[in-house]
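A structural walkthrough
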Amino acid sequence: MTRTNFPLSLWDISLWIAVTAIILLVTSELLAPYSDYFGDFVIDKTRLRLAALVLGAAFMVTVFLHALAPR
Amino acid sequence: MKRKLLETKQTPSSKIGIGFLVSGCVVLLASVVASSTVLAFIGLGLAFWGGLFLFTRPVKFVTSTLLDFTATSSYITIDRITEDLHYKGKPIYVPPYPKEGRLPEYLKGLKEMIVFIPAEDTVAMPTIEEMAKKQFLLKNPQGICIAPPGYGIVNLLETELKTGFTQIEVDQLYTSLPTIIVSSLELAKEFEINPENDLIHTKTVDSVYNELYSGKQGLKSIHSIGCPLTSAVACILAITIGKLVTIVKDTVSSDLKTIEVWYKILEA
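What counts, and at which threshold
Residues numbered from 1 in each chain as written. Chains lettered and ligands numbered in written order. Predicted model: local features only at pLDDT ≥ 70, side-chain atom pairs only at ≥ 80, totals over all residues. Core = buried A, V, L, I, M, F, W, Y, C linked by C-beta atoms within 7 Å. Buried ≥ 20, exposed ≤ 12 C-beta atoms within 10 Å, placed from the backbone. Helix = DSSP H or I, 4+ residues; strand = E, 2+ residues; numbered from the N terminus. Expected span 1.5 Å × (residues − 1). Contact = placed C-beta atoms within 7 Å. Pairing = 2+ DSSP bridges. Arc of directions from axis to C-beta.

Overview of the nonpolar core
- Ala234, Cys235 and Ile236 of chain B are the most contacted members of the largest nonpolar core, which totals 51 residues.
- Per-element tally for this core: the top contributor is helix 9 (residues 228-241) of chain B, with nine residues.
- Ala51 of chain A together with Phe20, Leu21 and Leu52 of chain B belong to the second-largest nonpolar core, a separate cluster that totals 18 residues.

Things to note about the environment of Lys220 of chain B
- Its location among the elements puts Lys220 of chain B in the loop between strand 6 (199-205) and helix 8 (221-225).
- C-alpha of Lys220 of chain B to C-alpha of Tyr75 of chain B: the two residues are 145 residues apart in sequence and 8.0 Å apart in space.

Section: unusual backbone geometry
All names here are of chain B.
- Positive phi outside glycine occurs at His86, with the angle close to 55 degrees.
- Note that His86 resides in the loop between helix 4 (65-85) and strand 1 (92-94).
- At Leu256, a residue that is not glycine, the phi angle is positive and equals roughly 65 degrees.
- Here Leu256 is to be found in the loop between strand 7 (244-252) and strand 8 (258-266).
- Residue Leu256 is classed as partly exposed on the basis of its 16 C-beta neighbours within 10 Å.

Observations concerning helix 4 of chain B
Residue and element names in this part refer to chain B.
- Its 21 residues place the ends of helix 4 31 Å apart at the C-alpha level, agreeing with the 30 Å of an ideal helix rising 1.5 Å per residue.
- Listed in full, the buried residues belonging to helix 4 are Ala71, Tyr75, Ile78 and Thr82.
- Buried residues along helix 4 sit in contact with strand 2 (114-118), strand 4 (143-146), helix 8 and helix 9.

Side note on the sheet that holds strand 2 of chain B
Residue and element names in this part refer to chain B.
- One open sheet holds the eight strands; their spatial order is 3-4-2-1-7-8-6-5, and the pairing between them is antiparallel. If you trace the sheet from one side to the other, it starts and ends with strand 3 (137-138) and strand 5 (190-196), each paired once.
- Relative to strand 8, strand 7 runs antiparallel, the two being bridged by eight bridges. Looking at strand 8, one finds that Leu244 is bridged to Leu266.

Re helix 2 (residues 15-34) of chain B
Residue and element names in this part refer to chain B.
- Look at helix 2: 28 Å from first C-alpha to last across 20 residues, which is about the 28 Å you get at 1.5 Å a residue.
- Within the sequence span of helix 2, burial applies to Phe20, Leu21, Gly24, Val27, Leu28 and Ser31. Mapping the buried residues of helix 2 onto a view down its axis gives an arc of 135 degrees, with all of them on the same face. Set apart from the buried face of helix 2 by more than 90 degrees, the exposed residues are Lys15 and Val33.
- Ser35 lies just past helix 2 and shows a positive phi near 50 degrees.

In structure tokens, the structure reads:
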């Protein structure tokens, strides 16, 4: 019987979280001066910022885990 | 026709978010079966952005024109009452007793903000006992007591400010009020409030209530009692300063973009 594993390591996920967090944080900062409604696009900026911050914090957690158990 | 209207008026759809989320989950499962790192990254990305699209959708979204149409009926009612009773006095915003303060049972009515519209244009106010009875028609002096059109906004602004307007100083109000009105609640594009001799002057650019001043409905009370935003500012001034406030005059630009209002603090 073959055992299936999730193909990404903690290091891979950490990298993905870092890239996504940067994209979201930059987007959130760029959208900050605008209203929630611009053109045909409506977005809840507060929630976007929250998601960006949570991902940033998640990245810091993965870094902390790496520091605790490097291998 | 119906389809065209739906396309322009509907709130953002959740279809894209759900589509991304479902396809992301499928690709993630496929990545586990195929042990593929590339598929895992694609699946993770799709699922995450799907979740994000659903999460950042605004819960409620209404067009600003709806605000004008819902507010109009209140002003028509006020106009009808004042015309029927032949009242000529300028509305006076009466500050409420602080919410946290203790009052005897018969004075509990003083905790509500009211606007007193006197029959004559003289500054004579009813007694505290009379105002506490929550009466509509007052006899001495003659006038009516109504709830200010902007009182709901005051409560909303207090929630945004995370404190009551009785707790802040006037100078602090001048700096924080424009920020809340423009950035937090987006009731206007620009808002300025400054003391000007013995009056307080406000300048509002692109207010969400500017259509009320258009004259299409022929609203008279809008200039004396103010639009909901102007009324809310009068309520806030009355609450913070703790004195009677009245709207002395207002000017509206021809394109309805700029509304300027002058408030006066009355010595009771």
